Amino acid sequence: MISEQHGEIEATVRAVLRDVLGLSDAQVEGFDATTPLFGALPELDSMAVAGVLTELEDRLGIVIDDDDIDGDTLESFGSLTRFAVAKVSS
């Protein structure tokens, strides 16, 4: 069940990045755990971060506090997915 839940959360993170940032399906499907995000994707600027986090809250039914976010959270696709999994699990 945990791996199934992880897969669903990962799919949600992909969908949020695609929808909020306007990325193509192919680009988002190519993301792996090491794919850099903030600072590497021009679409993911400081304004878009708020949109991504808000959409994750809505789609995953979680609450993200300002204190939850640090420089590592959006460093890579893997770090963002791990963050989302941890929030859903808590």
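Quick note: structure is the one above.
Each value, and the rule that gives it
Every chain's residues receive numbers from 1 upward, in the order its sequence appears when written. Where local features are concerned, this predicted model is filtered to residues with pLDDT of at least 70; where side-chain atom pairs are given and counted, the filter is 80 or more; whole-chain, interface and lining totals use all residues. Side-chain measures were taken over the full set of non-hydrogen atoms in the model, leaving aside hydrogen atoms and water. Secondary structure elements are taken from DSSP: a helix is a run of H or I of four residues or more, a strand is a run of E of two residues or more, and numbering for both begins at the N terminus. In this scheme, a residue with accessible area under 20% of its type's maximum is buried, one over 50% is exposed, and one in between is partly exposed, where area comes from a 1.4 Å probe on protein chains only. Only heavy atoms enter the contact rule, under which two residues are in contact if any of them lie within 4.5 Å. The salt bridge definition used is simple: a Lys or Arg side-chain nitrogen within 4 Å of an Asp or Glu carboxyl oxygen. Grouping buried Ala, Val, Leu, Ile, Met, Phe, Trp, Tyr and Cys residues that are joined through side-chain atoms within 4.5 Å yields what is termed a nonpolar core. Under the pairing criterion, centres of Phe, Tyr and Trp rings, with the six-membered ring standing for Trp, must be within 6.5 Å; the plane angle then separates stacked pairs below 30 degrees from edge-to-face pairs above 60, leaving the rest tilted.

**Considerations on the environment of Val-63**
Here Val-63 shows up in the loop between α3 (46-60) and α4 (77-89). Judged by relative accessible area, which is 57%, Val-63 ranks as exposed. Along the chain, Val-63 and Ser-24 lie 39 residues apart, while their C-alpha atoms are 27 Å from each other. Residues in contact with Val-63, not counting those within four places in the same chain, are Glu-57, Asp-68 and Lys-87.

**Focus on the pattern of salt bridges**
Taken as a whole, this structure holds six salt bridges when the rule is applied. Between Asp-25 and Arg-18 there is a salt bridge whose closest N-O contact spans 3.5 Å. Overall, Arg-18 belongs to the partly exposed group, its relative accessible area being 29%. In this structure, a network of salt bridges that share partners links the residues Arg-18, Asp-19, Asp-25, Glu-55 and Arg-59.

**Topic: the nonpolar core**
With 25 residues, the main nonpolar core has Leu-17, Leu-44, Leu-56 and Leu-80 as its most contacted residues. Listing elements by their share of this core, those giving two or more residues are α1 (2-21), α3 and α4. In terms of residues, this core owes the most to one element, α3, which gives six residues. Filtering out sequence-adjacent residues up to four positions away, Leu-56 remains in contact with Val-13, Val-16, Gly-61, Ile-62, Ile-64 and Leu-80.

**Here we look at the packing of aromatic side chains**
Summed over the entire model, instances satisfying the criterion amount to one aromatic pair. Ring geometry for Phe-31 versus Phe-77: centroids 5.9 Å apart, planes at 55°, classification tilted. One end of the pair, Phe-31, is in the loop between α2 (25-29) and α3; the other, Phe-77, is in helix α4, with 46 residues separating them in the sequence. The same class applies to Phe-31 and to Phe-77, which are both buried.

**Here we look at the environment of Val-88**
Relative to the helices and strands, Val-88 is located in helix α4. Taking the C-alpha atoms as reference points, Val-88 and Ile-62, 26 residues apart in sequence, are found 6.4 Å from one another. For Val-88, the residues in contact, after removing those within four places along its chain, are Gln-5, Ile-9, Leu-60 and Ile-62.

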